[in-house]
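Given next are the chains, with one letter for each unit.
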Amino acid sequence: HHQEKKLTPEVRGVLDKAAAYNDYIGFRANLARILGRQVSGTEDDFSPDKYVFAALMAKKTNTPDLVQKIDQLLEQVRPVIERNQGKGEHIVHGDYSPKNLFLGDGLASDKFIGLDFEWAGISQNEVLAAAYDFGNMRIRAWNNPVFQEALDKEMIASYAREGREEEGRVIVALGTLRSSLNLASYFEHNPKNFETEAEIKLRVGTERDLLKPFEMLQSSNTTS
């Protein structure tokens, strides 16, 4: 994502241009669609009458004002997003995960190989492009919290080395928020005793991660 190379018209023409990673308005609308999904809930919260996903997550995270907090977070980071708008063209993998990358011949290799570009896209905003793929990578590593934490720290550190720590923090916060909301919504459709142990662990961990972006930005000097 962190590049300004010009793409040929042919390549540009076949790449997706999803609103979720092209500008602030599109990203915000994407989160609103996720929050507005209809879900049945899980375990004791299961109901065939359905819930609005946002209301169920507010209950499960004990955060009655969850939607308002998300709105406030987005407004807080909006200046960072908008100052990076229209600066170069940034490739979005679209399905970034541990299983879709290789590191050459081993961990010491400098060769980075990405796989499965079926959902590849292009963005005019580096922060949103990186947040989209970072979030997918992070959530797919749900069974390795140590790796997730290392990923968070390295993303922030990589931008800090360029004097852009604020961008790094926003990428981690937005990526974690969107991916956690998106995946959590798919797990809220199982009555009690219908989930496997692995599914329960993933769902509970994903719900817990929903609050991390607020803690992260609250403890930093990110634009308010």
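Just above sits the structure.
Okay, the pattern of salt bridges next. What the rule picks out here adds up to 23 salt bridges. The partner of Glu 167 in a salt bridge is Arg 83, and the shortest N-O contact between them spans 3.1 Å. Taken together, the residues Glu 167 in helix 7 (residues 165–187) and Arg 83 in helix 4 (residues 66–83) connect sequence positions 84 residues apart. The class of Glu 167 is buried, set by a relative accessible area of 6%. Residue Arg 83 is classed as partly exposed on the basis of its relative accessible area, which comes to 36%. Put simply, Arg 169 and Glu 165 hold a salt bridge, and the shortest N to O gap is 2.9 Å. Note that Arg 169 and Glu 165 are positioned in helix 7 at a spacing of four residues, about one turn of the helix. Overall, the relative accessible area of 35% leaves Glu 165 in the partly exposed class. Connected via shared salt-bridge partners are Glu 43, Lys 60, Glu 188, Glu 195, Arg 203 and Glu 207.

Right, let's get into the packing of helix 2 (residues 24–35) against helix 4. Interaxial distance between helix 2 and helix 4 falls to 10 Å at its minimum, and their mutual angle equals 155°. On the basis of their axis angle, the class for helix 2 and helix 4 is roughly antiparallel. Considering the relative orientation of helix 2 and helix 4, their crossing is right-handed. Where helix 2 approaches helix 4, its residues Tyr 24, Ile 25, Phe 27, Arg 28, Leu 31 and Leu 35 are matched on the opposing element by Ile 70, Asp 71, Leu 74, Glu 75, Arg 78, Ile 81 and Glu 82. Split by residue class, the contact of helix 2 with helix 4 holds eight nonpolar, no polar and five charged.

The subject of this paragraph is the side chain of His 90. Topologically, His 90 is positioned in strand 4 (residues 85–92). A polar atom in the side chain of His 90 sits 2.9 Å from the backbone oxygen of Lys 87.

Turning our eyes to something else, we now look at helix 7. Taking 1.5 Å as the rise per residue, helix 7 with 23 residues should run 33 Å; its terminal C-alpha atoms sit 33 Å apart, in good agreement. Along helix 7, 19 of the 23 residues are buried, which leaves the element largely enclosed by surrounding structure.

Core analysis: the biggest nonpolar cluster contains 43 residues, and Leu 31, Ile 70, Leu 74, Ile 171, Leu 174 and Leu 181 have the highest contact counts within it. Mapped by element, the contributors of at least two residues to this core are helix 2, helix 3 (53–60), helix 4, helix 5 (126–140), helix 6 (145–160), helix 7 and helix 9 (212–218). Counting residues per element, this core draws most heavily on helix 7, which supplies eight residues.

Criteria and thresholds
For every chain, the first residue of the written sequence is number 1, and numbering continues from 1 along that sequence. Residues qualify for local features only when their pLDDT is at least 70, as the model is predicted, and side-chain atom pairs are given and counted only at 80 or more; totals for whole chains, interfaces and linings, by contrast, use all residues. Derived side-chain values reflect all non-hydrogen atoms in the structure, with water molecules and hydrogen atoms excluded from consideration. Here a salt bridge means any side-chain nitrogen of Lys or Arg lying within 4 Å of a carboxyl oxygen belonging to Asp or Glu. Under the scheme used here, helices are H or I runs from DSSP no shorter than 4 residues and strands are E runs no shorter than 2 residues, and both carry numbers assigned from the N terminus. A simple rule labels every residue: compare its accessible area, found with a 1.4 Å probe on the protein chains alone, to the largest value its type can have, and call it buried under 20%, exposed over 50%, or partly exposed in between. Axes here refer to lines fitted to C-alpha atoms; in helices the fit is confined to the stretch in contact. Angles between the N-to-C directions go from 0 to 180 degrees. Relative orientations are named as follows: roughly parallel for angles under 35 degrees, roughly antiparallel for angles over 145 degrees, roughly perpendicular for angles from 65 to 115 degrees, and oblique for any other angle. Should the near helix be turned anticlockwise from the far one by less than a right angle, the crossing is left-handed, and should it be turned clockwise, the crossing is right-handed. In this analysis, two residues are considered to be in contact whenever any of their non-hydrogen atoms come within 4.5 Å of each other. Amino acids outside the nonpolar list (Ala, Val, Leu, Ile, Met, Phe, Trp, Tyr, Cys, Pro) and the charged list (Asp, Glu, Lys, Arg) are all regarded as polar, and Gly is one of them. We define a polar contact as two N or O atoms separated by no more than 3.5 Å, with the added condition that, inside protein, one atom must be a possible hydrogen donor and the other a possible acceptor, whereas residues neighbouring each other in sequence contribute only through side-chain atom pairs. Here a helix's expected span is defined as the number of its residues, less one, multiplied by 1.5 Å. Put simply, a nonpolar core is a bunch of buried Ala, Val, Leu, Ile, Met, Phe, Trp, Tyr and Cys residues held in one set by side-chain atoms that sit within 4.5 Å of each other.

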